[in-house]
Amino acid sequence: MHPMIEMTGVSFYYTKEISALKNVDLTINKGEWITILGHNGSGKSTLSKLLVGLLKAKTGTIKVDGITLNEETVQDIRRKIGIVFQNPDNQFVGVTVRDDIAFGLENIQIEREEMLRRIDVFSKKVDMFDFLNKEPSQLSGGQKQRAAIAGILAMETDVIIFDEATAMLDPKGRRKILEYMRELNREGTTIITITHEMKEAVESDRIIVLKNGEILKEGSSQSILKDKETLEKSNLELLLPLEMLYHLESNKIENEKLKQYLWQSSLNA
């Protein structure tokens, strides 16, 4: 498999006494859907900011598609990684949705004709075409988040990080963004979901559990989401269908149809 992201011995601290990340080693392969799962303060958002160069690691190296992240390469890295934050207001820089999508494309020097094509294509993809001339103040929270996603999609990056990107949305808006993630991943985009919500993690290929800035455990989504001990150590709770599945397995109750039903229920939770 081709490594898309390689973190080796990465540490970051705001003060000597407060470490956000401690000696993290992590490889994410091209085309994977990874969830970084952890409670508030686990270091997961610090990790996402390090990957796009918004923060600089105190120790260790970060490589993206074979390129070592540093001051000289950070702009090249940002052509490869897009990030959608929890609060879309922090990402809006344009007067209108159209201006906002165009801003990112201008930064990477996309020609005007191609820029207009991408604005058209990706605003339609997230159901924001009819809102292109709207100002941010005229949009709902879900519409702002979709506009932010359109701006990232238009840049056609190899990797998209969703950093608590559904935290402010209602269930319908959350499901819509998960649909975008699925589609993007099927098309070959590497997806990184940063979240404390179990529901966000269910469909990913692999889960990395962070606690106090360290990787507590990593593995397939099924193995981690059914690992009650690890999740409890991380102050995370099992989804109810998975709690029931855990009880079946811990009591050696064999019912494959019921187990499959419970796992499927967790996907739709």
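Here, every reference points to the structure presented above.
A quick note: this is a predicted structure, and the numbers were derived from the prediction, not measured.

So, on to the overall build of the chain. Within the chain, the regular secondary structure consists of 11 helices and 10 strands. Counting across all 269 residues of the chain, residues that qualify as buried make up 50%. Carbon and sulfur atoms make up 47% of the accessible area of the chain, which totals about 13500 Å².

A few words now on unusual backbone geometry. A positive phi angle, near 50 degrees, is found at Glu-156, a position not held by glycine. Checked against the element boundaries, Glu-156 lands in the loop between α5 (141-154) and β7 (159-163). Glu-156 gets classed as partly exposed once you look at its relative accessible area, which sits at 41%. Phi is positive for Glu-164, which is not a glycine, with a value near 50 degrees. Tracing the sequence through the fold places Glu-164 in the loop between β7 and α6 (171-186).

Moving on: the sheet that holds strand β1 (residues 3-15). A sheet is described by the order of its strands in space; here 4 strands give the open sequence β2-β1-β4-β5, paired in antiparallel fashion. Strands with a single pairing partner mark the edges of an open sheet, and in this sheet they are β2 (18-29) and β5 (67-68). Alignment of β1 against strand β4 (residues 59-64), held across 5 bridges, turns out to be antiparallel. Across the sheet, Thr-8 pairs through a bridge with Thr-61, a residue of β4. The strands touched by helix α1 (residues 44-51) within the sheet are β1, β2 and β4, with β1 carrying the most contacts at an inclination of about 120 degrees.

Looking now at the nonpolar core. In terms of nonpolar packing, the biggest core is built from 34 residues, with Val-84, Val-97, Ile-101, Leu-105, Ile-149, Ile-160 and Phe-162 touching the most fellow members. Elements with a minimum of two residues in this core: α3 (97-107), α4 (112-125), α5, β7 and α6. For this core, the leading source of residues is α5, giving 7 residues. In contact with Val-84, not counting residues within four places along its chain, are Gln-91, Gln-145, Ala-148, Ile-149, Ile-152, Ile-160, Ile-161, Phe-162, Asp-163 and Ala-165.

Thresholds applied
Residues numbered from 1 in each chain as written. Predicted model: local features only at pLDDT ≥ 70, side-chain atom pairs only at ≥ 80, totals over all residues. Heavy atoms only, no water. Helix = DSSP H or I, 4+ residues; strand = E, 2+ residues; numbered from the N terminus. Buried < 20%, exposed > 50% of the residue type's maximum accessible area, 1.4 Å probe, protein only. Areas by Shrake-Rupley, 256 points an atom, 1.4 Å probe, with all protein chains shown as cover. Pairing = 2+ DSSP bridges. Contact = heavy atoms within 4.5 Å. Axes fitted to C-alpha atoms, helices over the stretch in contact; angles between N-to-C directions. Core = buried A, V, L, I, M, F, W, Y, C linked by side-chain atoms within 4.5 Å.

None of the figures reported here should be taken as evidence of function without further support.
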